[in-house]
Amino acid sequence: AFIKPYIADTSKLLRNAIKEGKNILLEGQLGTLKDTDHGIYPYVTSSSTLAGYAAVGAGIPPYEIKDIIAVTKAYSSAVGEGPFVSEILEPVEAEELRRRGGDKGEYGAKTGRPRRVGYFDTVATRYGCALQGATEVCMTCLDVLSYLETIKVCTGYELDGKVYKDFLTTADLYRAKPVCVELKGWNCDIRGIDSFDKLPKEAKDYVAFIEKEIGVKISMVSNGPKREEILYR
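Residues numbered from 1 in each chain as written. Predicted model: local features only at pLDDT ≥ 70, side-chain atom pairs only at ≥ 80, totals over all residues. Heavy atoms only, no water.

Engineer: Which parts of the structure should I look at to understand the layout of surface pockets?
Structural biologist: It is a probe the size of a water molecule, rolled over the atoms, that shows where empty space is left. As a volume, the second largest pocket reaches approximately 200 Å³. What lines the second largest pocket is simply Gly82, Pro83, Phe84, Val85, Glu87, Leu89, Arg116, Leu173, Tyr174, Ala176, Lys177 and Pro178. Among the elements of the structure, α5 (170–175) and β8 (177–184) are those that each provide at least two residues to the lining of the second largest pocket. Its residues assigned to classes, the lining of the second largest pocket comprises 8 nonpolar, 1 polar and 3 charged. (1 Å grid on protein atoms, 1.4 Å probe; cavity = no way out; pocket = protein on both sides within 12 Å on 5 of 7 lines; lining within 4 Å. Points joined across faces, edges and corners; volume = space filled by probe spheres on them. Helix = DSSP H or I, 4+ residues; strand = E, 2+ residues; numbered from the N terminus. Nonpolar A, V, L, I, M, F, W, Y, C, P; charged D, E, K, R; others polar.)

Structure (structure tokens):
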């Protein structure tokens, strides 16, 4: 009885909303690499995590989805097993990022299980954006990296003496080594800064470097977990 007023023919409701010119926001779960068809099988979920599937789930025409925002952190993280090319394997370095990361650290919300962390992976992110059809990118947790004097970014995968810029199959990912570029960090607290233009040059350069590598506009950057801490470019 409590939820009865909220039950409706959802696809009809959304189609009518489209006719009326209303804005509709569809939120996806998990990321590209967890997609059952295009992810790092078998470390995937049971359904598609791609934006294209949103039209199917919502019951609206695919051509009605006009803007696709891919969300990524300013570094990499992973839950559970599977290949992770840019993973930080040095325990102290990894734990430092893990402790500072996310909203309350990179630990499972319910289990407290430590998440795996690594450098930003432009190869995987470019692949993810391509499959999502991303029209823009939101980069979160930029403030987390403020403690670093230099920041590594993974720009390629080395396998059998060759460097690849394209994402590899699961078996090859296990053998691949990260090819990294080291950028100068801003090494100061950026929390509280309310405009992207006011960020330190090194922070803006970090975003611009990644934007060029992934080939999609980074339109939003967050320097904290609150809604008002999203900075627009």
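Engineer: I keep staring at unusual backbone geometry and nothing clicks. Help me out?
Structural biologist: A cis amide bond, omega 10°, links Tyr41 with the succeeding residue Pro42. One non-glycine residue, Asn187, adopts positive backbone phi at about 50°. Note on placement: Asn187 falls in the loop between β8 and α6 (201–214).

Engineer: Looking at this structure, I do not really get the side chain of Arg98. What am I missing?
Structural biologist: On the secondary structure map, Arg98 appears in helix α3 (residues 91–100). Dropping the residues within four chain positions of it, Arg98 is found in contact with Gly105, Glu106, Tyr107, Pro114, Arg115, Arg116 and Val117. (Contact = heavy atoms within 4.5 Å.)

Engineer: Which parts of the structure should I look at to understand the pairing of strand β6 (residues 150–159)?
Structural biologist: Side chains on a regular strand alternate between the two faces of the sheet. Where burial is concerned, most of β6 is hidden: 7 out of the 10 residues are buried. One ladder, built from 2 bridges, connects strand β4 (residues 120–121) with β6; its direction is parallel. Across the sheet, Phe120 pairs through a bridge with Val153, a residue of β6. With 3 bridges joining them, β6 and strand β7 (residues 162–164) adopt antiparallel strand pairing. Opposite Tyr157, over in β7, you have Tyr164 as the bridge partner. (Buried < 20%, exposed > 50% of the residue type's maximum accessible area, 1.4 Å probe, protein only. Pairing = 2+ DSSP bridges.)

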